[in-house]
Amino acid sequence: METALLGAAEIRDLAERAGIRPTKTLGQNFVIDPNTIRRIISTAKIRPEETVLEVGPGLGSLTLGLLDAAERVVAVEIDPPLAEQLPDTVRRFRPEKADRLDVVLSDAMKVRHLPVEPTALVANLPYNVAVPVLLHLLAQFPSITHGLVMVQDEVADRLAAEPGNKTYGVPSVKASWFAEVRKAGVIGTNVFWPAPKIRSGLVSFTRREEPLADVDRVALFGVIDAAFAQRRKTLRAALAGWAGSSQRAGRILEAAGVDPTLRGERLGVNEFISIARAAETVPAWVARGDVLPRGYSQ
Ligand code: SAM
């Protein structure tokens, strides 16, 4: 027999018990539709032995589904009344699973330690901080090998976009540094309480087994930010500030084998890696002008 998941009546009752009214600032749109939870769980392909990190468990809709599918759940919630109530909700609806849940009261954008090592991330992310939360967790917890997140549909498209696509940008390149990212479906607005104005999208990811290259991530992300900060400019112009001058930007692009007249939106993560590496080989004094130090020839 299938175990019950939370519907609209239970969610409203739980909100009342917690004494909360959903806020936009914290992206609080709670899932009131058990079928949506089932869909998220089956698309996430969680194995029974896994430990799942859930960000923003809220009133527990997804948490109960995750506890049914995984060995453990560690839930990071920023809102104290919600974090406090979650263990009670699990004791009430899944008494046999209550000792398999850890709740951490924290901002998921800043969390550095968890009581257990998560192997997967499954979350209905707070929409206004979805991308920084996802990137922070992928960087901070290398034990996460795969996952599924629900975000605003346009953010889902951006995360999964390929070079040349109009939605391709900083989130697409940075996410693809960590993982292979795919759009995994669209979710309507009426499965939430309160209903958001725009629809949501599912994004699934699988972490790359080997890093793409031995390159400093902070340096790489610096190039990516610079290239997209002025989207309409050619790379040579867009990277001038980052490189120190357009002359040095040109030299770095040449050394990387990247056409300086292209725009950043044409480059895949591997080309950004080549640029970050080439920057290490083109000395900073190139930025200061044409005068070559003694003993240096072009
Ligand atoms: N998982 C629940 C569901 O599906 O019904 C709630 C999802 S709701 C879209 C987002 C949740 O994230 C809320 O519970 C909110 O309080 C929480 N939240 C917002 N910002 C957060 C942050 N920076 N760190 C951790 N949790 C956050």
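Remember, predicted model here, so these are calculated numbers, not experimental data.

*Asks:* Please give an account of the overall build of the protein that cites residues and values.
*Replies:* In terms of regular secondary structure, the protein is built from 12 helices and 9 strands. Along the first, second and third principal axes, the C-alpha atoms of the protein reach 75 × 35 × 30 Å. Buried residues in the protein amount to 50% of all 298 residues. Restricting to contacts in the protein with at least 6 residues of sequence separation, those with at least 24 account for 70%. Summed over all atoms, the accessible surface of the protein reaches about 14400 Å², with 49% contributed by carbon and sulfur. Distance between charge centres in the protein, computed from 37 positive and 35 negative side chains, equals 7 Å.

*Asks:* Let's hear about the domain arrangement of the protein: which residues, and what values?
*Replies:* It is common to report an interface's size as the accessible area lost on association of the parts. By the assigned domains, the protein splits into domain 1 (8-207) and domain 2 (217-288). Between the C-alpha centres of domain 1 and domain 2 the distance comes to 35 Å. Residue-level contacts link 12 residues of domain 1 with 15 residues of domain 2. Taking both sides of the interface into account, the surface hidden between domain 1 and domain 2 amounts to around 1100 Å²; carbon and sulfur atoms contribute 70%. Its largest share of buried area at the contact with domain 2, domain 1 owes to Tyr168, Lys174 and Trp177, together 45% of the area lost on that side. There are 1 salt bridge connecting domain 1 and domain 2. With a closest N to O distance of 2.9 Å, aspartate 225 and lysine 174 form a salt bridge. Our count for the contact surface shared by domain 1 and domain 2 stands at 4 residue pairs in polar contact (both at pLDDT 80 or more). If you tally residues by element for the side of domain 1 that touches domain 2, the top one is helix α7 (residues 170-178), at 6 residues. When grouped by side-chain class, the residues that make up the side of domain 1 that touches domain 2 number 7 nonpolar, 3 polar and 2 charged.

*Asks:* Describe the site of the ligand, naming the residues involved and giving the relevant values.
*Replies:* Neighbouring the ligand are 22 residues; Val31, Gly56, Glu77, Asp107 and Asn124 lie closest to it. Within the side chain of glutamine 28, one N or O atom sits 2.9 Å away from an oxygen atom of the ligand. Contact between the ligand and proline 57: a nitrogen atom at 3.4 Å from a main-chain N or O atom of the residue. For the ligand, the protein covers 98% of the area, taking 600 Å² as the surface of the free molecule.

*Asks:* Explain the layout of surface pockets residue by residue, including any values.
*Replies:* By volume, the largest pocket amounts to about 420 Å³. Forming the boundary of the largest pocket are 30 residues, of which Leu26, Gly27, Gly56, Glu77 and Pro126 lie nearest the centre. The set of elements that each furnish at least two residues to the lining of the largest pocket consists of β1 (30-31), β2 (51-55), α3 (61-69) and β3 (72-77). Of the residues assigned to the lining of the largest pocket, the class counts are 16 nonpolar, 11 polar and 3 charged.

*Asks:* Please set out the nonpolar core residue by residue, giving values where relevant.
*Replies:* Soluble globular proteins tend to pack their nonpolar side chains together in the buried interior. Grouped together as the largest cluster of nonpolar side chains are 64 residues, with contacts concentrated most on Leu121, Leu220, Leu239, Phe272 and Ile275. In terms of domain composition, this core takes at least three residues from each of domain 1 (8-207) and domain 2 (217-288). Beyond its immediate sequence surroundings of up to four residues, leucine 220 is in contact with Trp177, Val215, Phe272, Ile273 and Ala276. In this structure, Ile32, Ile37, Ala120 and Ile187 belong to the second largest nonpolar core, which totals 38 residues.

*Asks:* Account for the packing of aromatic side chains, with residues named and values stated.
*Replies:* Aromatic ring pairs are reported here in terms of the distance separating the ring centres and the angle at which the planes meet. In total, this model carries 4 aromatic pairs according to the counting rule given. A centroid spacing of 6.0 Å and a plane angle of 70 degrees characterise the contact between tyrosine 168 and phenylalanine 228, whose relative ring orientation is edge-to-face. With tyrosine 168 in the loop between α6 (153-160) and α7 and phenylalanine 228 in helix α8 (residues 217-229), this residue pair connects regions lying 60 residues apart in the sequence. An aromatic cluster is built from Tyr168, Phe228 and Phe272, whose rings are joined through pairwise contacts.

*Asks:* Mind laying out the sheet that holds strand β7 (residues 179-187), listing which residues take part and the relevant values?
*Replies:* Whether parallel or antiparallel, the strands of a sheet pair through hydrogen bonds between backbone atoms. What the 7 strands build is an open sheet, ordered β4-β3-β2-β5-β6-β9-β7; its pairing is mixed. Sheet topology places β4 (101-105) and β7 at the edges, where each strand pairs with a single neighbour. Ignoring which end each strand starts from, the neighbouring axes of this sheet average 20 degrees apart. Sheet analysis places β2 next to β3, joined by 5 bridges and oriented parallel. Bridge assignment links valine 55 to a residue of β3, and that residue is valine 76.

*Asks:* Got a sec to walk through the packing of helix α1 (residues 8-18) against helix α4 (residues 80-93)? Specific residues and values, please.
*Replies:* It is the contact of α1 with α4, at a shortest axis distance of 10 Å, that shows an interaxial angle of 130 degrees. Between α1 and α4, the angle falls in the class oblique. Where α1 crosses over α4, the handedness of that crossing is right-handed. Touching Glu10, Asp13, Leu14, Arg17 and Ala18 of α1 are Pro81, Gln85, Thr89, Arg92 and Phe93, all from α4. Tallied by class, the residues present in the contact of α1 with α4 amount to 4 nonpolar, 2 polar and 4 charged.

What counts, and at which threshold
- Residues numbered from 1 in each chain as written.
- Predicted model: local features only at pLDDT ≥ 70, side-chain atom pairs only at ≥ 80, totals over all residues.
- Heavy atoms only, no water.
- Helix = DSSP H or I, 4+ residues; strand = E, 2+ residues; numbered from the N terminus.
- Buried < 20%, exposed > 50% of the residue type's maximum accessible area, 1.4 Å probe, protein only.
- Contact = heavy atoms within 4.5 Å.
- Areas by Shrake-Rupley, 256 points an atom, 1.4 Å probe, with all protein chains shown as cover.
- Lys, Arg positive; Asp, Glu negative; His and termini not counted.
- Charge placed at Lys NZ, Arg CZ, Asp CG, Glu CD.
- Domains from an automatic or database assignment.
- Buried area = accessible area lost by both parts, 1.4 Å probe.
- Salt bridge = Lys/Arg side-chain N within 4 Å of Asp/Glu carboxyl O.
- Polar contact = N/O pair within 3.5 Å; in protein donor to acceptor, adjacent residues only side chain to side chain.
- Nonpolar A, V, L, I, M, F, W, Y, C, P; charged D, E, K, R; others polar.
- Near = heavy atom within 4 Å.
- 1 Å grid on protein atoms, 1.4 Å probe; cavity = no way out; pocket = protein on both sides within 12 Å on 5 of 7 lines; lining within 4 Å.
- Points joined across faces, edges and corners; volume = space filled by probe spheres on them.
- Core = buried A, V, L, I, M, F, W, Y, C linked by side-chain atoms within 4.5 Å.
- Phe/Tyr/Trp six-rings, centres within 6.5 Å; stacked < 30°, edge-to-face > 60°.
- Pairing = 2+ DSSP bridges.
- Axes fitted to C-alpha atoms, helices over the stretch in contact; angles between N-to-C directions.
- Parallel < 35°, antiparallel > 145°, perpendicular 65-115°, else oblique.
- Left-handed = near helix turned anticlockwise from the far one by under 90°.

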